[in-house]
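Residues per chain, in single letters:
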Amino acid sequence: MNPDPGSDPSDPSDPGSDPGRRTGGRRTGNRPRRLTARMRLTLSYTLFAVTAGLLSLAVVYVGMRYVPNYPLTSSNPHYRSDAPSRQEILDSLLRASGYALALLTAVGLIGGWLIAGRVLRPLQDITRAAHRAASGALEHRIALTGPRDEFTDLSDAFDEMLARLQRSFEAQQRFAANASHELRTPLAITRTMLQVAAADPAGQDWGRLVTRLQDTNQRGIEISEALLQLADLGHAPPDLAPTDLAAATGEALAAVRDEAEAFGVTLTADLRPAPTTGNPVLLRQAAVNLLHNALRHNLPPGAGGRVTVATGADPERPGRVHLTVTNTGPRLTEEAVATFTEPFLRGRGRTAGTDPARRGHGLGLAIVAAVTEAHHGELHLAPDPAGGLRATLALPGPAADRERPDPRAAG
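Residues numbered from 1 in each chain as written. Predicted model: local features only at pLDDT ≥ 70, side-chain atom pairs only at ≥ 80, totals over all residues. Heavy atoms only, no water.

**Student:** Teacher, can you tell me more about the overall build of the chain here?
**Tutor:** When its secondary structure is counted, the chain shows ten helices and nine strands. Counting across all 411 residues of the chain, residues that qualify as buried make up 31%. Sequence separation of 24 or more characterises 69% of the internal contacts of the chain that already satisfy a separation of 6 or more. Within the structure as shown, the chain displays about 25400 Å² of accessible surface, and the carbon and sulfur contribution to it stands at 58%. (Helix = DSSP H or I, 4+ residues; strand = E, 2+ residues; numbered from the N terminus. Buried < 20%, exposed > 50% of the residue type's maximum accessible area, 1.4 Å probe, protein only. Contact = heavy atoms within 4.5 Å. Areas by Shrake-Rupley, 256 points an atom, 1.4 Å probe, with all protein chains shown as cover.)

Structure, rendered in structure tokens:
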């Protein structure tokens, strides 16, 4: 039996409101059945109509009982028969009132039932959509039409919730499938190399085999650590303290300079103070990931590749600081850039590049997006018309600046 949509789950007297009486997230069947919302509305409408009728008839009865206060006679002077007495008139009024109240009750019940059904009809659509969503069908939308009211607002909010849930579940499914693939790949390579070595032990270059096994194992460790980092950022808020985004970026530049020289990419930095409240380790990791992405998806060696890094106060949004990383490279589309923060999606698609030095795991920008969200910031990725990508990580300034109102908001 489905729970009654008209019942109040917060009612402490209702046994169905006890979380201990739930099984598998659904209410157990021992919840007492109450009148439906439609029946309660019908009875309320009828009670109101009958009460209004009773009041009207009471006014008429009082008027007939006490006004006028003189003996009643025939209004026709030629009609000499005795006029009905006041009591006879009141008795007739009471009989007529009883018939009128019975008719009013019937009309109230029938009309209230029809009106309540019409008013509550949108709830039936919402209930059906909720049951479909509970069964896993998240693609359904209510799309309630008509003028804006409480039901259309509820329908639009429910549709928005379904859309967000669908996007979230689809992203989780893609993440799980891609993570399984990425973790299986180094294990499969390791197994193949070991099988080949076991089949012909004498013909193996053991030094080269050990090196390849170490590289493959390291790749699996890096993927696992990146996945754990993503999971931690999604569940536990980081420890925040006053820090400088420029200092974290400077440490990241020092960590990638050798890689930039190996790729033949020129690094240019303009690091101005960017005080904020954040986690220095996570901000440094975000800057490293942005720089790795800019270096590995750049022009080929010798082609004049460049990476420009800048930090400082945001000139367009007072009270915020930013880190901007711009690189040269192939031309990108808005559609492609919109997918860059999804896990395991690389610049060349799902398949890694053939150059081991430039090959990544497809998790760098996903981690940057997670770090940015944990710091209540914004990550903007935009293609450069001349080729390459412009990545801007914007964060709130220090606490004192955040308490200061934005002058643009006053207008």
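**Student:** What is the right way to look at the pattern of salt bridges in this model?
**Tutor:** In a structure, side chains of opposite charge can pair up when their charged atoms sit close to one another. Enumeration according to the criterion identifies four salt bridges in this entry. For Asp270, the salt bridge identified is with Arg272, shortest N-O distance 3.5 Å. Taking relative accessible area as the criterion, Asp270 reaches 36% and is therefore assigned partly exposed. Taking relative accessible area as the criterion, Arg272 reaches 53% and is therefore assigned exposed. (Salt bridge = Lys/Arg side-chain N within 4 Å of Asp/Glu carboxyl O.)

**Student:** Even after reading the chapter, I still don't get helix α8 (residues 364-374), so can you show me in this structure?
**Tutor:** The α-helix winds at 3.6 residues per turn, so residues separated by three or four positions along the chain end up facing the same way. With eight of its eleven residues buried, α8 lies for the most part within the structure. Those residues of α8 not exposed but buried are Leu365, Ala366, Ile367, Val368, Ala370, Val371, Thr372 and Ala374. Among the residues trailing α8, His376 stands out with phi positive, at a value near 60°.

**Student:** In this structure, what is going on with unusual backbone geometry? I would like to understand it.
**Tutor:** In terms of backbone geometry, most residues other than glycine have negative phi values and most peptide bonds are trans. One non-glycine residue, His376, lies in the positive phi region at around 60°. Structurally, the position occupied by His376 is in the loop between α8 and β8 (378-383).

**Student:** Help me understand the packing of helix α5 (residues 245-263) against helix α6 (residues 280-296), please; the structure alone is not making it clear to me.
**Tutor:** For any two helices packed against each other, the geometry is given by the interaxial angle and the distance between the axes. The N-to-C vectors of α5 and α6 enclose an angle of 30°; their axes lie 8 Å apart at closest approach. The orientation of α5 relative to α6 falls into the category roughly parallel. Note on packing geometry: the crossing formed by α5 with α6 is right-handed. On α6, the residues that touch Leu245, Ala248, Thr249, Glu251, Ala252, Leu253, Ala255, Val256, Glu259, Ala260 and Phe263 of α5 are Pro280, Leu283, Arg284, Ala287, Val288, Leu291, His292, Leu295 and Arg296. The residue inventory of the contact of α5 with α6, partitioned by class, reads 14 nonpolar, two polar and four charged. (Axes fitted to C-alpha atoms, helices over the stretch in contact; angles between N-to-C directions. Parallel < 35°, antiparallel > 145°, perpendicular 65-115°, else oblique. Left-handed = near helix turned anticlockwise from the far one by under 90°. Nonpolar A, V, L, I, M, F, W, Y, C, P; charged D, E, K, R; others polar.)

**Student:** Would you mind going over the sheet that holds strand β7 (residues 320-327) with me for this structure?
**Tutor:** The strands making up a sheet associate through backbone hydrogen bonding, with each pair oriented either parallel or antiparallel. Here we have five strands laid out as an open sheet, ordered β4-β6-β7-β9-β8, and mixed in their pairing. Edge positions in the open sheet fall to β4 (266-271) and β8, since each of these has one partner strand only. Averaged over all pairs of adjacent strands, the angle between strand axes in this sheet comes to 10°, irrespective of strand direction. Sheet topology places β4 next to strand β6 (residues 306-313); six bridges connect them, and they run parallel. The partner of Leu267 across the bridge, within β6, is Val307. Docked against the sheet, α8 engages β8 and β9 (389-396), running at close to 140° with respect to β8. (Pairing = 2+ DSSP bridges.)

**Student:** Please clarify how the confidence of the model for the chain should be interpreted in this entry.
**Tutor:** Parts of the prediction with low pLDDT should not have their coordinates interpreted in detail. When pLDDT is averaged along the chain, the result is 75, and 71% of the positions lie at 70 or above. In the predicted structure, residues 1-28 sits below a pLDDT of 50 and forms 38 contacts with residues beyond four places in sequence or in another chain. Within the model, the stretch residues 347-354 combines pLDDT values under 50 with twelve contacts to residues more than four positions away or in other chains. (pLDDT = per-residue confidence, 0-100.)

**Student:** Got a minute to help me understand α5 in this structure?
**Tutor:** Compared with an ideal rise of 1.5 Å per residue, which puts 19 residues at 27 Å, α5 spans 26 Å between its outermost C-alpha atoms and is within 8% of the ideal. At Val256, α5 shows its largest bend, some 45°. (Expected span 1.5 Å × (residues − 1). Bend = angle between axes of the 7 residues up to and from the residue.)

**Student:** When you look at the nonpolar core in this model, what are you seeing that I'm missing?
**Tutor:** In globular proteins that are soluble, nonpolar side chains generally tend to be buried together. Grouped together as the largest cluster of nonpolar side chains are 36 residues, with contacts concentrated most on Leu290, Leu291, Leu295, Val307, Leu323 and Val325. Elements represented by at least two residues in this core include exactly α5, α6, β6, β7, α8 and β9. Considering each element in turn, this core owes the most residues, nine residues, to α6. With residues up to four places along the chain from it excluded, the contact list for Leu323 reads Leu245, Thr249, Ala287, Leu290, Val309, Ala310, Thr311, Ala391, Thr392 and Leu393. One finds Leu120, Ala129, Ala133 and Leu138 within the second-largest nonpolar core, a separate group that totals ten residues. (Core = buried A, V, L, I, M, F, W, Y, C linked by side-chain atoms within 4.5 Å.)

**Student:** I keep staring at a nonpolar patch on the surface and nothing clicks. Help me out?
**Tutor:** Judged by side-chain polarity, Leu35, Leu43, Leu109, Ile110, Trp113 and Leu114 come together as a nonpolar surface patch covering roughly 560 Å² of accessible area. In terms of residue count, helix α2 (residues 86-134) provides more of the nonpolar patch than any other element does, four residues in total. Examined against the element boundaries, Leu114 turns out to sit in helix α2. (Patch = residues over 30% accessible without salt bridge, like charges linked within 9 Å, V, L, I, M, F, W, Y side chains within 5 Å.)

**Student:** Mind showing me how you'd approach the pairing of β7 here?
**Tutor:** Here is the key point about a regular strand: its side chains alternate between the two faces of the sheet. Summarising burial for β7: eight of the eight residues are buried, a large majority. Alternating positions in β7 separate into two faces, Arg320, His322, Thr324 and Thr326 on one and Val321, Leu323, Val325 and Asn327 on the other, with burial throughout. Between the end of β6 and the start of β7, which pair antiparallel, lie six residues, with Gly319 showing a positive phi angle near 90°. Here β7 pairs with β9 via seven bridges, running antiparallel. When the sheet's bridge partners are listed, Arg320 is paired in β9 with Pro396.

**Student:** Please clarify how the packing of α6 against α8 should be interpreted in this entry.
**Tutor:** Orientation of α6 relative to α8, taken along the N-to-C sense of each, is 145°, at an axis distance of 9 Å. The hand of the α6/α8 crossing is left-handed. Residues Leu282, Leu283, Ala286, Asn289, Leu290 and Asn293 of α6 pack against Gly364, Leu365, Ile367, Val368 and Val371 of α8. Residue classes in the contact of α6 with α8 are distributed as eight nonpolar, three polar and no charged.

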